[in-house]
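Examining the three-dimensional arrangement
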Amino acid sequence: MKSYLFIIVFFAIQIGNYAAASDSLLNRLDEAIANKQYYASLKEKRIASYKKLLLGKVSMEEEYLLNEKLYEEYRKFRIDSSLYYVNRNLEISTQLNNPDWQYKSKIQQAYLFSSTGRYLEAESILKSIKSPLLSRELKELYYEFYYRLLEHYTTNNPNETYSRQIEVYRDSLLAVLAPNSDKYRINLAQGYIYKKDLAAAESLLKNVLSRSTSRDDVYAMANYLLGDINMQREKRDLGVDFYTLAAIADVENAINDHGAIQSLSIHFYYNGNIDRAYRYAKSALEDAIFCNVKFRTLMMSEFYSIINAAYQEKSELSRKQLEKYLILISILTLFLGAAIIYVYRQMKKITRVKEALSRTGAKLELLNMEILHANEQLKNSNEELQDSNRVKEEYIAQFFDLCSSYIDKLENYRKMLNTKAVGRQFEEIARILKSTDFTNSELHDLYRNFDLIFIHLYPGFVEELNSLLIPEERYTFREGEILNTELRIFALERLGITDSVRIAAFLRCSISTIYNYRTKARNRSAVSREEFESKVAKIGRRPTDKNPTKQQPAIA
């Protein structure tokens, strides 16, 4: 299956490449036709160089040779000019009494007469020449031009008798041509084509192409004949390629007597490509008229009229279709205009809706910002409440622990005094009651428990408070010290106790002392007084502790 698929893809690619190559050749031909004047100007320059030599002082022999070159240049370019130089050579050869030159000029004259449609005059000239008297070179020219005369005549007057005579004269020509020459191979190939031996003809023509370039006379003829062979084999695409190569060579060499472009025109006409057929037929007819090749002019005039009629019919059809398309386009333009107006109005409505949505969006954005601000305030309030609740919960727990501890201590103290009273140790009782050791010890334990509980609740309190002070005024501690009296004032403020009287009562110091400590701290602050108090109130604010198993501080 893969092999079949590969073969199909391979042939598809080859067909695509072949089609692209064919189109490329035709494009080259179109470009060459568009530049015909340029190629003609090159030939005119060569001709001008020969004419310039004739203006100098030359002998009759030199003039004859220059006229021959001009004859060759003009032979398939402009026959009337070529005929002028042949006639002049006929005069020169007569004056010089040179029979070979006379025969050669007459044979050339006969060829030009046949090309211009003067068949009887051409035949009369050739019959007046006794071929046995001619040199080998002149026999080549004589037999070639004789069968060319017959070809020119039968182009527009098909006749089997003349066709057989063409082959007789071609055989005579082959008998005198050098077998290793390209002219021999070309004529032999034409004989094979007449006999339907296409394979032998193709082999000879490909051999000619392998040894020639597009500048050689035989190149265009070999391609043209290969085109005929492939057309007879029904390989029309390949035949078109060979015709195209021949036509390109003819145009680029400024050859106006050519058949390849005529064959292309006929092929494209019968295959429905009227535009290309018309273009090639018009070019071929113009060249034939310019060159004055009567047999081609007659053939192409008749065919051109047919192609022109088809082309005009197609043009008229195209014009009518164009009119229909213009009417349709006009109607569509009206609909399009109406659609544009409708769309424009809708766009204006959409613009107004967008503007309204934009204003609404701005209001919604403002409301969202207000809601976000309210949510932020609510969040802060919730955090404060959570923090306050957390502190309260922990302090209540610690309060119950302290109360229980103090009840136990009072009970033990009562039992100890009762024991001494029972034992009538009144002096010891009086000494104990007068002593402040018990009170001082309890105060020390109270402050230590307060410090432990507070630092447990706000472990970063001291560091955050120090960050509010200038570096050289920050608090430092002795080993084992947790908080001092000054820090306890701010600790109580952090807990919400801002009344100086209550703070003084708790810390067992005067109100003025409390005031002095506060003033001293504000003076050491790295921020303003108001900001200092606000930041102290927010030290250690955090969500409720999510670790309920966290160990509580030990109470002394």
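Residues numbered from 1 in each chain as written. Predicted model: local features only at pLDDT ≥ 70, side-chain atom pairs only at ≥ 80, totals over all residues. Heavy atoms only, no water.

**Comments concerning the overall build of the protein chain**
Along its length, the protein chain carries 22 helices and zero strands. Relative to its full complement of 556 residues, the protein chain shows a buried share of 37%. The contacts of the protein chain with a sequence gap of at least 6 include a subset with a gap of at least 24, amounting to 63%. (Helix = DSSP H or I, 4+ residues; strand = E, 2+ residues; numbered from the N terminus. Buried < 20%, exposed > 50% of the residue type's maximum accessible area, 1.4 Å probe, protein only. Contact = heavy atoms within 4.5 Å.)

**Brief notes about the packing of helix H6 (residues 119–128) against helix H7 (residues 136–156)**
Direction vectors running N to C along H6 and H7 enclose 155°, while the axes themselves pass 11 Å from each other. As judged from the angle between their axes, H6 and H7 are roughly antiparallel. Judged by the sense of rotation from one axis to the other, the crossing of H6 with H7 is left-handed. Here Tyr-119, Ala-122, Glu-123, Leu-126 and Lys-127 of H6 lie close against H7, whose contacting residues are Tyr-142, Phe-145, Tyr-146, Leu-149, His-152 and Tyr-153. (Axes fitted to C-alpha atoms, helices over the stretch in contact; angles between N-to-C directions. Parallel < 35°, antiparallel > 145°, perpendicular 65-115°, else oblique. Left-handed = near helix turned anticlockwise from the far one by under 90°.)

**Side note on a nonpolar patch on the surface**
Side chains of Leu-322, Tyr-325, Leu-326, Leu-328, Ile-329 and Leu-332 sit close together on the surface and give an oily, nonpolar patch of about 600 Å² of accessible area. Within the secondary structure layout, Leu-328 lies in helix H15 (residues 294–422). Given the relative accessible area of 45%, Leu-328 is considered partly exposed. (Patch = residues over 30% accessible without salt bridge, like charges linked within 9 Å, V, L, I, M, F, W, Y side chains within 5 Å. Areas by Shrake-Rupley, 256 points an atom, 1.4 Å probe, with all protein chains shown as cover. Salt bridge = Lys/Arg side-chain N within 4 Å of Asp/Glu carboxyl O.)

**What about the pattern of salt bridges?**
Applying the stated criterion across every chain yields a total of 31 salt bridges. Glu-44 is the salt-bridge partner of Arg-78, the closest N and O atoms lying 3.4 Å from each other. On the criterion of sequence distance, the pair formed by Arg-78 in the loop between helix H3 (60–75) and helix H4 (79–96) and Glu-44 in helix H2 (residues 36–54) is long-range, its members being 34 residues apart. On the basis of relative accessible area, Arg-78 is assigned to the partly exposed category, the value being 24%. Take Glu-44: its relative accessible area is 30%, and that puts it in the partly exposed class. A salt bridge links Arg-170 to Glu-151; the nearest nitrogen and oxygen atoms lie 3.4 Å apart. Linking Arg-170 in helix H8 (residues 160–176) with Glu-151 in helix H7, this pair joins segments that are 19 residues apart in sequence. When salt bridges that share partners are traced, they join Glu-144, Arg-148, Glu-151, Glu-167, Arg-170 and Lys-183 into one network.

**Section: the packing of aromatic side chains**
In total, this model carries 22 aromatic pairs according to the counting rule given. On the basis of an interplanar angle of 65° and a centroid distance of 5.5 Å, the ring pair of Phe-77 and Phe-290 is categorised as edge-to-face. Taken together, the residues Phe-77 in the loop between H3 and H4 and Phe-290 in helix H14 (residues 274–291) connect sequence positions 213 residues apart. Given the relative accessible area of 40%, Phe-290 is considered partly exposed. (Phe/Tyr/Trp six-rings, centres within 6.5 Å; stacked < 30°, edge-to-face > 60°.)

**A short note on the side chain of Asp-257**
Mapped onto the elements of the fold, Asp-257 is located in the loop between helix H12 (236–252) and helix H13 (260–270). For Asp-257, a relative accessible area of 8% gives the class buried. Residues in contact with Asp-257, not counting those within four places in the same chain, are Lys-76, Tyr-111, Cys-291, Val-293, Phe-295 and Arg-296.

**Side note on a positive patch on the surface**
Positive charge collects at one region of the surface, where Arg-345, Lys-348, Lys-349 and Arg-352 lie side by side. For Arg-345, a relative accessible area of 56% corresponds to the exposed category. (Lys, Arg positive; Asp, Glu negative; His and termini not counted. Charge placed at Lys NZ, Arg CZ, Asp CG, Glu CD.)

**Topic: the nonpolar core**
Counting 77 residues, the largest nonpolar core has Leu-29, Ile-107, Tyr-142, Leu-205, Leu-264 and Tyr-280 as the members making the most contacts within it. Residue contributions to this core peak at nine residues, all from H7. In contact with Leu-29, not counting residues within four places along its chain, are Thr-244, Ala-247, Ile-248, Val-251, Leu-264 and Tyr-280. (Core = buried A, V, L, I, M, F, W, Y, C linked by side-chain atoms within 4.5 Å.)

**A closer look at unusual backbone geometry**
For Lys-196, which is not a glycine, the phi torsion comes out positive at approximately 70°. Mapped onto the secondary structure, Lys-196 falls in the loop between helix H9 (182–194) and helix H10 (198–210). For Lys-196, a relative accessible area of 60% corresponds to the exposed category. Despite not being glycine, Ala-254 shows a phi value in the positive range, around 55°. Among the secondary structure elements, Ala-254 is positioned in the loop between H12 and H13.

**Observations concerning the confidence of the model for the protein chain**
Confidence in the prediction for the protein chain averages 83 pLDDT; 87% of positions are at 70 or higher. Averaged pLDDT values for the elements of the protein chain fall to 64 in helix H1 (residues 2–34) and rise to 95 in H4. In the predicted structure, residues 6–19 sits below a pLDDT of 50 and forms three contacts with residues beyond four places in sequence or in another chain. Counting interchain partners and residues more than four positions distant, the pLDDT-below-50 stretch residues 543–556 has 24 contacts. (pLDDT = per-residue confidence, 0-100.)

**Side note on helix H20 (residues 500–507)**
A turn of α-helix holds 3.6 residues, and therefore any two residues three or four places apart point the same way. Considered for burial, the residues of H20 that qualify are Ser-500, Ile-503, Ala-504 and Leu-507. Each buried residue of H20 sits inside an arc of 100° when the element is viewed along its axis, so together they form one side. Where the residues of H20 are buried, they touch helix H17 (437–457), helix H19 (485–494) and helix H21 (511–523). Its side-chain oxygen 3.2 Å from the backbone nitrogen of Val-501, Asp-499 forms the N-cap of H20. Looking at the residues trailing H20, positive phi occurs at Arg-508, about 60°. (Arc of directions from axis to C-beta. Polar contact = N/O pair within 3.5 Å; in protein donor to acceptor, adjacent residues only side chain to side chain.)

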